[in-house]
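Topology and contacts: notes
Okay, here's what each chain looks like letter by letter:
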Amino acid sequence: MRLKGKVAIVTGGGGGIGYAICKAFASEGAKVVVSDIDPGKCEEHATVLRDAGHEATAVAADVSCESSADRLVAATLSAYGSVDILVNNAGARIIKGLMEHSVADWEKMIAINLTGPFLCARAAIPHMVAKRSGNIINVGSIASFAGRPNRVAYVAAKSGVLGLTRAMAADLAGRNVRVNTIAPGMIASPFNKSFAESPETGEAWAGENLIGRWGQPEDIAGAAVYLASDDSSFVTGSEIKIEGGWLAARSRAGEIPIWPD
Ligand SMILES: NC(=O)c1ccc[n+]([C@@H]2O[C@H](COP(=O)([O-])OP(=O)(O)OC[C@H]3O[C@@H](n4cnc5c(N)ncnc54)[C@H](O)[C@@H]3O)[C@@H](O)[C@H]2O)c1
C-alpha cells in the first residue's frame, strides 16, 4: 500500500477523473476527503468508498471561493488531523467562440480552473510545511500545452496551471512539499460524455491520438498514485501528460504510417 495512513483531499471528487483518483488512493490505504461543489455527488462517492471498507468523508466545497477552500482544509483537519495530499482536480469548461466569451465567462474559467488550485493549495500548505511533508497535484489538460478553438478562457486557465505548479514548487523548495501537474487528454468522463458518445466525434477524436482510443478516468488515477507516493520523491515542478500521445504527433489528412502487410 503506497499511501497507507495518508490523508488526501480530492476536489472535483464527484466527477469522473476525481472519483477514479479517490478510488485508487483509497485502495492504496489513504483516508480520502471526497470534495465537490455538488454535495450529492461527493456524498454518494464517499458512501461507496466507505461501504467498500475504506476511510472516506464527503466535504462539499466551491474551490473558487476563498472561505470555502479554507473550510475544506479545516474540515479535513478536524476529520483526520492531517492533510498530506491535495489533488486540485475540480474543473469546468465553457465552449463558445472567442467573441462570445463575456467577461463573466472569462472570470468563471479563471476562478474555477486556476484560482481554485491556488486557494486550496494556500489553505493546505501551512499544515504540509509544518509537517515537513506534503504533496500537491494540479490537474491541467492538453489545453495547458496546445491552443484549441472555442475555449479561450479554459485554455488560458489550464496553461496557467503549469506556471502555478512550477512557481509553487519553487516556493516550497527545501520543505519536502512537492507540486506537479497531470495533463489529461481526451478522457471519457461526464466532462466529455457528449463528445465521446457522438457519432461525429466519438471515433474521430479517438483516432486523433497515437493509441487510438478515448482515455478512461482510471488512466489518470495511476499517475496520481505515482505522484502522490514516494515512488516519485525526486519529481517536483513537473508534469505528466496522459493523452495517448495526442501532443506528440500530428498526422495530415490521409497520412497514415506505412507498414508491410
Ligand atoms: N475529461 C477530459 O477529457 C479532461 C481533459 C483534460 C482535462 N480535464 C480536467 O480534469 C479535471 C476533471 O475533469 P473530469 O473529466 O472528471 O470532469 P467531470 O465534469 O466529470 O468532473 C469535474 C467535477 O468538478 C466539479 N466542479 C466544478 N466546478 C467546481 C467548483 N467551483 N468547486 C468544486 N468542484 C467543482 C464538478 O461538479 C464535477 O464533479 C478537470 O480539471 C478537467 O478540466 C479533463
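This one's a predicted model, so the numbers in the text were calculated from it and none came from an experiment. (Residues numbered from 1 in each chain as written. Predicted model: local features only at pLDDT ≥ 70, side-chain atom pairs only at ≥ 80, totals over all residues. Heavy atoms only, no water.)

1. Brief notes about the overall build of the chain
When helices and strands are tallied, the chain shows 8 helices and 7 strands. Based on the C-alpha atoms only, the size of the chain along its principal axes is roughly 55 × 50 × 40 Å. For the chain, with 261 residues in total, the buried portion stands at 50%. Sequence separation of at least 24 residues holds for 72% of the intrachain contacts in the chain that already meet a minimum separation of 6. When the accessible surface of the chain is split by element, carbon and sulfur atoms take 55% of a total near 12,300 Å². The distance from the centre of the 25 positive side-chain charges to the centre of the 27 negative ones in the chain is 5 Å. (Helix = DSSP H or I, 4+ residues; strand = E, 2+ residues; numbered from the N terminus. Buried < 20%, exposed > 50% of the residue type's maximum accessible area, 1.4 Å probe, protein only. Contact = heavy atoms within 4.5 Å. Areas by Shrake-Rupley, 256 points an atom, 1.4 Å probe, with all protein chains shown as cover. Lys, Arg positive; Asp, Glu negative; His and termini not counted. Charge placed at Lys NZ, Arg CZ, Asp CG, Glu CD.)

2. So, the side chain of T201
With respect to the secondary-structure elements, T201 resides in the loop between α6 (193-197) and α7 (202-206). With relative accessibility at 12%, the residue T201 sits in the buried group. Among residues more than four places away in sequence, those in contact with T201 are S194, F195, A206 and W214.

3. Quick look at helix α5 (residues 152-171)
One turn of an α-helix holds 3.6 residues; hence residues three or four places apart share an orientation. Here α5 spans 29 Å end to end across 20 residues, near enough to the 28 Å set by a 1.5 Å rise per residue. Each element contacted by the buried residues of α5 is listed here: α4 (103-131), β5 (134-139), β6 (177-184) and β7 (238-242). (Expected span 1.5 Å × (residues − 1).)

4. Some remarks on the site of the ligand
As a matter of local geometry, the ligand sits amid 28 residues, with I17, D36, Y154, S189 and N192 nearest to it. One nitrogen or oxygen atom from the side chain of K158 is found 2.9 Å from an oxygen atom belonging to the ligand. Separating an oxygen atom of the ligand from a side-chain N or O atom of N192 is a distance of 2.6 Å. Breaking the shell around the ligand down by element, the ones donating at least two residues are α1 (16-27) and α5. Taken together, the residues that form the shell around the ligand break down as 13 nonpolar, 11 polar and 4 charged. (Near = heavy atom within 4 Å. Polar contact = N/O pair within 3.5 Å; in protein donor to acceptor, adjacent residues only side chain to side chain. Nonpolar A, V, L, I, M, F, W, Y, C, P; charged D, E, K, R; others polar.)

5. A word on the packing of α1 against helix α8 (residues 217-228)
Close contact between α1 and α8 brings their axes to 8 Å; oriented N to C, the two are set at 50°. One way to sum up the angle between α1 and α8 is to call them oblique. In this structure, the crossing between α1 and α8 has a hand that is right-handed. The residues of α8 that touch α1, namely those facing G16, I17, A20, I21, K23, A24 and F25, are P217, E218, I220, A221, A224, V225 and A228. (Axes fitted to C-alpha atoms, helices over the stretch in contact; angles between N-to-C directions. Parallel < 35°, antiparallel > 145°, perpendicular 65-115°, else oblique. Left-handed = near helix turned anticlockwise from the far one by under 90°.)

6. A few points about the packing of α1 against helix α2 (residues 39-51)
The geometry of α1 relative to α2 is characterised by a closest axis approach of 11 Å and an angle of 25° between their N-to-C directions. Judged by the angle between their axes, α1 and α2 are roughly parallel. Read as a crossing pair, α1 and α2 show a hand that is right-handed. Between α1 and α2, the residues in contact are Y19, C22, K23 and A26 and H45, V48 and L49, respectively. Residue composition of the contact of α1 with α2, grouped by class: 5 nonpolar, 1 polar and 1 charged.

7. So, the packing of aromatic side chains
Evaluation of the coordinates by the stated rule reveals 3 aromatic pairs. Considering the side-chain rings of F195 and W205, the 4.6 Å spacing of their centres and the 25° angle between planes classify their relative orientation as stacked. With F195 in helix α6 and W205 in helix α7, this pair connects stretches of sequence that are 10 residues apart. When the ring of W205 is compared with that of W214, the centres are 6.2 Å apart and the planes differ by 25°; the resulting orientation is stacked. (Phe/Tyr/Trp six-rings, centres within 6.5 Å; stacked < 30°, edge-to-face > 60°.)

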